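# What the coordinates show
The lines below spell out each chain.
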Amino acid sequence: MNYKKWIIILSTTFITSITFPFFAHATNNQYDNVMIVYKNNDGKEQIMEQAVDIEHTYENLKTIEGTFTRESLTALKNLPDIKVVEKNPGIVESLDTASPQFTTLTPNWSLNSINIQNAWSTGLTGENVKVAVVDTGVALNNALPNVNRYSFVDDDPRTRVDESTPYDTDGHGTFVSGIIAADITSNNNYDNIAGIAPGVSLYSLKVFQEDGATMESLLKALEWSIKHHIDIVNMSLGTSGDDPILRNAVEKAYNAGIILVAAAGNDGMGKNVRYPAKYDQVIAVSSVDQNNKISYFSNTGSKVEFTAPGSNIYSLGLHSNIVQDSGTSFSTPHVTGFLALLKQQYPDYSNEQLRKILRNYTIDLGNKGKDPYYGYGLVNYVQRTPDDVKTLAVNDITKTSAIISYTPSENAVIPTEKYYIYVNDQLIGTTTDLKYSLSNLKEGTSYKVLVEAVSAENVTTQGKGITFKTVQSTEEEQYLENNSSAIASWMNLLDKGKSLTFKTQFAPLYSISAGLTASQKATITKYNKKIHLVAISASSTSSYVKATNLKSIKTKKSTTITFDTAIKPSTLTTSNVYVLRAGKKVSGFTLKKDSKGKSINISTSKNLAKGNYVIFIDNKGLKTSKGKAASKPIAIEFTVK
């Protein structure tokens, strides 16, 4: 394959880089090694149908690699279920230079600068945390006794060596892994070379070979990390180009809960952060020297999130030796190892929560707050975070208000100065009280509340959260509110001893009686007697009329109403029979009459919504089978739960 390459990330002495070819290999109108990202199963099937050959399927990344014709690629690009079509998968190169060997190690300043001994003294070593190093592999080394090695590199049959070996033949991956997990107790020859998190479960995912690493190997490593529930992935590599295939893989890995840490790059101050560190889902790490000043080689920019030692770093060499080197490749594993300790300390925190809490373990360098050189600052294990509130509850919930109450942690090392109150991720208040009133809420609406404890230094906790829902007005209450003036006039008529129009006034008022005041209910009851209303329900019966299925009408969807005295069928029409719920007529019911007038059937094909229903039979114009006027209106109540 004839690739034209260019270098896209330079190392001060030792770094990896991603490059891209100008074109994919095309033969007979076919393109090999094409990568396509799909949105859903329909997109996946469309790719399978168009492919000449499928080389690899990355299920967790929703990406397929294979051979396609020019026509099939054109067709796929225009399909709504396809996210990315790329004929130019990236090539990753490792740029290495010689590193001096030391027989006598000078003090390891980088560990002291981040106060990692403070974490160790509390028992934090990264135990039970799974860290993957996507790099050149890891050599056999007594200081790294428990490395799980995997290779995503294919062997080149044209060479004598086996490129697919999981062991490091370059040195870069071993150096990075030593910063994270070197075990100081394994070999006294390593003196004070120790990993930041020597207790982690370390996974070496080899993606580099002598002439670089393909995008395929990177995707396989990220896919493997998702599948095996890796906690943190270290990527001491970078590229200047925003590749959609890499971007998709990074998004999928982050959404799977993985913490992604990558090098900012080594092009020098003023040069922007490289990808993948530049992606929002990735923690970008710059480098500082022994004076806590930005390293001259370190890339900078708004995407820098944290900084760590990266100049003149000591770690493990390829041949069980100690070497010194510089680069953001080596500041990155300092942050990775630090996060492994925090993951052990806060095992239930998500990747997003750990990113946030890491801000509390930093020394602010440069301009106050986040800046383009040091981000939120130099990672440093000094306890500055107050404890979260112990309990959190929501009480006195109404339609438009609620009261949040919380208790502070007992015997807190860092006292709490105040509390931040967030509602739906928006800061809405600051208080020193242990209660906070929420007002102007919307009824029947869910809210998410977060309470953060804040120290005197303005350092915040991760926060304790809770959700609640405001009270929803019943349908009767909503009808009362929306028709208050009409209801007041109807009640006024009743108070004066006057009559109501049965269909347009009495029926709506009766159907909302559950929401009326006690005195209004008494007035309605009195009027019921005046008009001789016969009311029945599942728990209240009458010899005058009977109805079936009142308890099971939700599933039966019908009721048969039987009269004690037969009704003349011709006088009973749909204008006499109607169904109301909370003051409103409910459509979709069908009326069927018995030819003898002894019964009627009311049914619906619709699914009935929850609520209180009333079937009204208006006696106006209604006659018995003997021709007498029907003297009693009927109300049949049922509830759908």
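Refer to the preceding data block for the structure.
Here is a short report on the structure shown in this document.

Moving on, we come to the sheet that holds strand E35 (residues 611-617). Strand order in the open sheet formed by five strands is E28-E36-E35-E31-E32, and the pairing between neighbours is mixed. Strand pairing shows two members of the sheet lacking a second neighbour, strand E28 (534-536) and strand E32 (584-585), which therefore form its edges. Strand direction decides the pairing type here: strand E31 (residues 577-581) and E35, joined by five bridges, are antiparallel. Residue Arg-581 lies in a different strand from E35, and its bridge partner there is Tyr-613. Across the sheet, helix H12 (residues 502-511) is in contact with E28, E31, E35 and strand E36 (634-640); its angle to E35 comes to roughly 145°.

Pairing within the open sheet is antiparallel, and its four strands lie in the order E29-E30-E34-E33. Because the sheet does not close on itself, it has two edges, and the strands there are strand E29 (545-547) and strand E33 (589-593). For this sheet, the mean inter-axis angle between neighbouring strands, taken without regard to orientation, is 20°. Bridge count for E29 against strand E30 (residues 558-563) is three bridges, and the pairing is antiparallel. Within E30, the position partnered with Lys-546 by the bridge is Thr-562.

Looking now at the pattern of salt bridges. Side chains that differ in charge, positive against negative, can pair when their charged atoms come close. Evaluated as defined, the whole model comprises 12 salt bridges. Taking the shortest distance from any N to any O, the salt bridge between Glu-452 and Lys-356 comes out at 2.5 Å. Placement of Glu-452 in strand E26 (residues 446-454) and of Lys-356 in helix H9 (residues 351-358) is noted, with a sequence separation of 96 residues between them. With relative accessibility at 26%, the residue Lys-356 sits in the partly exposed group. Asp-425 is the salt-bridge partner of Lys-448, the closest N and O atoms lying 3.2 Å from each other. Linking Lys-448 in strand E26 with Asp-425 in the loop between strand E23 (418-423) and strand E24 (426-431), this pair joins segments that are 23 residues apart in sequence.

Here we take up the pairing of strand E3 (residues 30-38). Regular strands place side chains that alternate from one sheet face to the opposite one. Burial analysis of E3 places seven of its nine residues in the buried class, which makes it a mostly covered element. Bridging between E3 and strand E6 (residues 82-86) involves four bridges; their strand directions are antiparallel. Looking at E6, one finds that Ile-36 is bridged to Val-85.

Of all six residues in strand E9 (residues 130-135), five are buried; the element is thus mostly enclosed. Where E9 meets strand E11 (residues 201-206), six bridges bridge the pair, whose relative direction is parallel. Residue pairing across strands places Ala-132 opposite Tyr-203, the latter belonging to E11. By the bridge criterion, three bridges tie E9 to strand E13 (residues 232-235) in an arrangement that is parallel.

On to a nonpolar patch on the surface, then. A cluster of nonpolar side chains, Met-269, Tyr-296 and Tyr-373, forms an exposed patch at the surface whose accessible area comes to about 360 Å². Structurally, Met-269 can be placed in the loop between strand E14 (259-263) and strand E15 (282-288). Among the residues examined, Met-269 registers a relative accessible area of 43% and is labelled partly exposed.

All right, on to a negative patch on the surface then. Residues Asp-53, Glu-55, Asp-154, Asp-155 and Asp-162 make up a contiguous surface patch of negative charge. Examined against the element boundaries, Asp-154 turns out to sit in the loop between strand E10 (147-151) and helix H5 (172-181).

Right, let's get into the environment of Ile-428. Structurally, the position occupied by Ile-428 is in strand E24. You can call Ile-428 partly exposed: its relative accessible area is 39%. Along the chain, Ile-428 and Arg-70 lie 358 residues apart, while their C-alpha atoms are 55 Å from each other. Once residues lying within four places of it in the same chain are set aside, the contact partners of Ile-428 are Ile-421, Val-423, Tyr-436 and Leu-438.

Conventions and cut-offs
Residues numbered from 1 in each chain as written. Predicted model: local features only at pLDDT ≥ 70, side-chain atom pairs only at ≥ 80, totals over all residues. Heavy atoms only, no water. Pairing = 2+ DSSP bridges. Helix = DSSP H or I, 4+ residues; strand = E, 2+ residues; numbered from the N terminus. Contact = heavy atoms within 4.5 Å. Axes fitted to C-alpha atoms, helices over the stretch in contact; angles between N-to-C directions. Salt bridge = Lys/Arg side-chain N within 4 Å of Asp/Glu carboxyl O. Buried < 20%, exposed > 50% of the residue type's maximum accessible area, 1.4 Å probe, protein only. Patch = residues over 30% accessible without salt bridge, like charges linked within 9 Å, V, L, I, M, F, W, Y side chains within 5 Å. Areas by Shrake-Rupley, 256 points an atom, 1.4 Å probe, with all protein chains shown as cover. Lys, Arg positive; Asp, Glu negative; His and termini not counted. Charge placed at Lys NZ, Arg CZ, Asp CG, Glu CD.

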